[in-house]
Amino acid sequence: QQQVKQSPQSLIVQKGGISIINCAYENTAFDYFPWYQQFPGKGPALLIAIRPDVSEKKEGRFTISFNKSAKQFSLHIMDSQPGDSATYFCAASKDSSNTGKLIFGQGTTLQVKP
Amino acid sequence: DAGITQSPRHKVTETGTPVTLRCHQTENHRYMYWYRQDPGHGLRLIHYSYGVKDTDKGEVSDGYSVSRSKTEDFLLTLESATSSQTSVYFCAISELGGPNTEAFFGQGTRLTVV
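Residues numbered from 1 in each chain as written. Chains lettered and ligands numbered in written order. Predicted model: local features only at pLDDT ≥ 70, side-chain atom pairs only at ≥ 80, totals over all residues. Heavy atoms only, no water.

Brief notes about the overall build of chain B
For chain B, the helix and strand inventory stands at zero helices and 11 strands. N-terminal to C-terminal, the α/β element order of chain B is β-β-β-β-β-β-β-β-β-β-β. Scaling as 2.2 N^0.38, a compact globule of 114 residues should have a C-alpha radius of gyration of about 13 Å, and chain B matches this with 13 Å. The C-alpha extent of chain B, read off along each of the three principal axes, is 40 × 30 × 25 Å. Each of the 114 residues in chain B was classed as buried or not, and the buried ones make up 48%. Residue pairs in contact within chain B that sit at least 24 positions apart in sequence constitute 55% of those at least 6 positions apart. Here chain B contributes 11 positive and 13 negative side-chain charges, whose respective centroids are spaced 4 Å apart. (Helix = DSSP H or I, 4+ residues; strand = E, 2+ residues; numbered from the N terminus. Rg over C-alpha atoms; globule rule 2.2 N^0.38 Å. Buried < 20%, exposed > 50% of the residue type's maximum accessible area, 1.4 Å probe, protein only. Contact = heavy atoms within 4.5 Å. Lys, Arg positive; Asp, Glu negative; His and termini not counted. Charge placed at Lys NZ, Arg CZ, Asp CG, Glu CD.)

A short note on unusual backbone geometry
Glycine aside, a negative phi is what most residues show, and trans is what most peptide bonds show. With omega at -5°, the peptide bond leading from Ser7(A) into Pro8(A) counts as cis. Along the chain, Pro8(A) turns up in the loop between β1 (4–7) and β2 (10–14). With omega at -10°, the peptide bond leading from Ser7(B) into Pro8(B) counts as cis. As for its position among the elements, Pro8(B) is in the loop between β1 (4–7) and β2 (10–13). A positive phi angle is found at Asp79(A), which is not glycine, with a value near 45°. Positionally, Asp79(A) belongs in the loop between β8 (72–77) and β9 (86–94). Even without glycine at this site, Lys53(B) takes up a positive phi of about 70°. With respect to the element layout, Lys53(B) can be found in the loop between β5 (42–51) and β6 (54–57).

Shown next, in the form of structure tokens:
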């Protein structure tokens, strides 16, 4: 059972365009939603994260939008650059567990064309 | 980069043989995790540790065991390797293990079981 569902599986965007990746979760106890970025041959690295008490968080060109009632959250990459080409994972975890265990989505491979 | 070293980085082994992967950290973080990454599944938690000799199962723990005899080392053992365990394995660390705590990932170990 996939507790966090991510789409699309792959995405091609032109340089300067907006990349949008969506995630949906099932467990209403989740209360921490990070996005990780992974380049080939490397481990994932935290990109940006949000808690459900806010509907949006922005860091530079990266924005998370969060819809608690719909149990959905999304990553928006504005002015996408070729250097943003990577695999992106959404994830979720529960505060009550206090273990830092992450449930990941399936991943989205983003290609930004020059 | 967080001080995480995984070894070996690549390994090919035969079905039925035991295999041990090592994760070594220099950050003195309390929590350590083993994830496996497979296409279409994202990353899935195998086992995690919340202190020396304190470990617990993740969502895909069957066929795996772990040990943590020192803060800095977390070992993952495949008791009898099977082809379904061919994967890329990532070690991660975090300080508090609670929400909003960044998990730092190693570079990964690519394991092939033939």
